[in-house]
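Summary of the model geometry
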Amino acid sequence: MAPRTPAPVSGPVSGPVTGPVTGTASTAARVRGLTRDFDGRRVLDGLDLDIAPGQFVALLGVSGTGKSTLLRALAGLDQEVTGELDVPGPVAVAFQEPRLLPWRRVLANVGLGLRVPEPEQVARLALAEAGLTDRARAWPLTLSGGEAQRAALARALVREPGLLLLDEPFSALDALTRMAMHRLVLRLWQAHRPAVLLVTHDVDEALVLADRVLVLAGGRITFSGPVGAPRPRDRDQPALSGLRHQLLRQLGVVMEGH
Ligand SMILES: Nc1ncnc2c1ncn2[C@@H]1O[C@H](COP(=O)(O)OP(=O)(O)OP(=O)(O)O)[C@@H](O)[C@H]1O
Ligand SMILES: [Mg+2]
């Protein structure tokens, strides 16, 4: 399935979450009391979250805590969450696996469903930004993992989202490709300035990329801290070590008192 650009979601929700655009430009996402049960088990439990326009936020949490569930709700893809969701701008999603349509060439994948006067031209520009001009006519299955993920990023950004949701987009890539992707994402974010919510299991990835790092646990955001260090950042920067330790403790990787 291709990532889609769902309608903006807004207002109190119980049942379908698509609705009219009533959000203000002062927020990229505002969430209050978001709750989601699966088979009687509560996964999101009255979650509150604010993301400012243009802010790069990383979301950490152990496996199964509901990170993807939260992203699906923000994308308007979950009809069964309850609570308040206000996501005024267009939303774009990129997943762990690129989800390109194998029967369309790369350029067509990027331009799919674009409603602008010259979709092919716009898609070409996005591919160029992602460094993929020479792969425009390639079939998705012939791309490397990094190329496919760059195509998925181009497809997400070509929609000029107010909120870009990234669900572990780099986790399947080797370390060098992942570092190149970090640079690319920062460059594209600085050029287009969407708010970003990046789900990752990698604390260092969160520290290198984000303005703010969150931890999801027990159905709520249990930790939110700013990353003060100026960019470009290096994961070995001493300024990051205090927050890294805090995050690892939050995630249960290091024990209290150590
Ligand atoms: N459609 C569904 N039906 C039933 N249970 C679901 C469904 N989607 C998610 N869940 C459950 O909700 C919980 C949270 O899932 P989710 O995928 O949001 O976790 P996650 O934090 O993204 O985990 P991971 O880090 O492994 O990707 C899990 O226990 C999962 O089994
Ligand atoms: Mg997940």
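Reference entry: report on the structure contained in this document. All figures in this text were calculated on a predicted structure; none of them were measured in a lab.

Looking now at the overall build of the chain. A count of helices and strands for the chain gives 7 helices and 10 strands. Put simply, the chain has 258 residues, and 42% of those count as buried. Here the contacts in the chain between residues at least 6 apart in sequence split such that 71% fall between residues at least 24 apart.

Next up on the list: the environment of G66. One can find G66 in the loop between β4 (56-60) and α1 (67-74). Judged by the 23 C-beta atoms lying within 10 Å of it, G66 is buried.

Before going further, it helps to examine the packing of helix α4 (residues 145-157) against helix α5 (residues 175-192). The contact between α4 and α5 brings their axes to 11 Å, and the two run at 15 degrees. Here α5 runs roughly parallel to α4, going by the angle between their axes. Note that α4 runs across α5; the crossing there is right-handed. On α5, the residues that touch G145, G146, Q149, R150, L153 and L157 of α4 are T177, A180, M181, L184, V185, L188 and H192. Partitioning the contact of α4 with α5 into residue classes produces 7 nonpolar, 5 polar and 1 charged.

Right, let's get into the sheet that holds β4. Across the sheet, which stays open at both edges, the 6 strands sit in the order β6-β7-β8-β4-β9-β10 with mixed pairing between neighbours. The sheet is open, and its two edges are formed by β6 (91-94) and β10 (220-226), each paired on a single side. Across the sheet, the mean angle separating the axes of adjacent strands is 20 degrees when strand polarity is ignored. With 4 bridges joining them, β6 and strand β7 (residues 163-167) adopt parallel strand pairing. Bridge pairing links V93 to L165 in β7.

Next up on the list: α4. Given a rise of 1.5 Å per residue, 13 residues ought to cover 18 Å, and the 18 Å separating the end C-alpha atoms of α4 matches this to within 8%. When you tally the buried positions in α4, you get 11 out of 13 residues, the bulk of the element. On its buried face, α4 sits against β6, α2 (106-111), α3 (119-129), β7 and α5.

Every residue lining ligand 1 is accounted for by F38, D39, V43, G61, S63, G64, T65, G66, K67, S68 and T69. Here the shell around ligand 1 gets 3 residues from one element, more than from any other, and that element is α1. Per-class residue counts for the shell around ligand 1 are 2 nonpolar, 7 polar and 2 charged.

What counts and how
Residues numbered from 1 in each chain as written. Chains lettered and ligands numbered in written order. Predicted model: local features only at pLDDT ≥ 70, side-chain atom pairs only at ≥ 80, totals over all residues. Helix = DSSP H or I, 4+ residues; strand = E, 2+ residues; numbered from the N terminus. Buried ≥ 20, exposed ≤ 12 C-beta atoms within 10 Å, placed from the backbone. Contact = placed C-beta atoms within 7 Å. Axes fitted to C-alpha atoms, helices over the stretch in contact; angles between N-to-C directions. Parallel < 35°, antiparallel > 145°, perpendicular 65-115°, else oblique. Left-handed = near helix turned anticlockwise from the far one by under 90°. Nonpolar A, V, L, I, M, F, W, Y, C, P; charged D, E, K, R; others polar. Pairing = 2+ DSSP bridges. Expected span 1.5 Å × (residues − 1). Near = placed C-beta within 6 Å.

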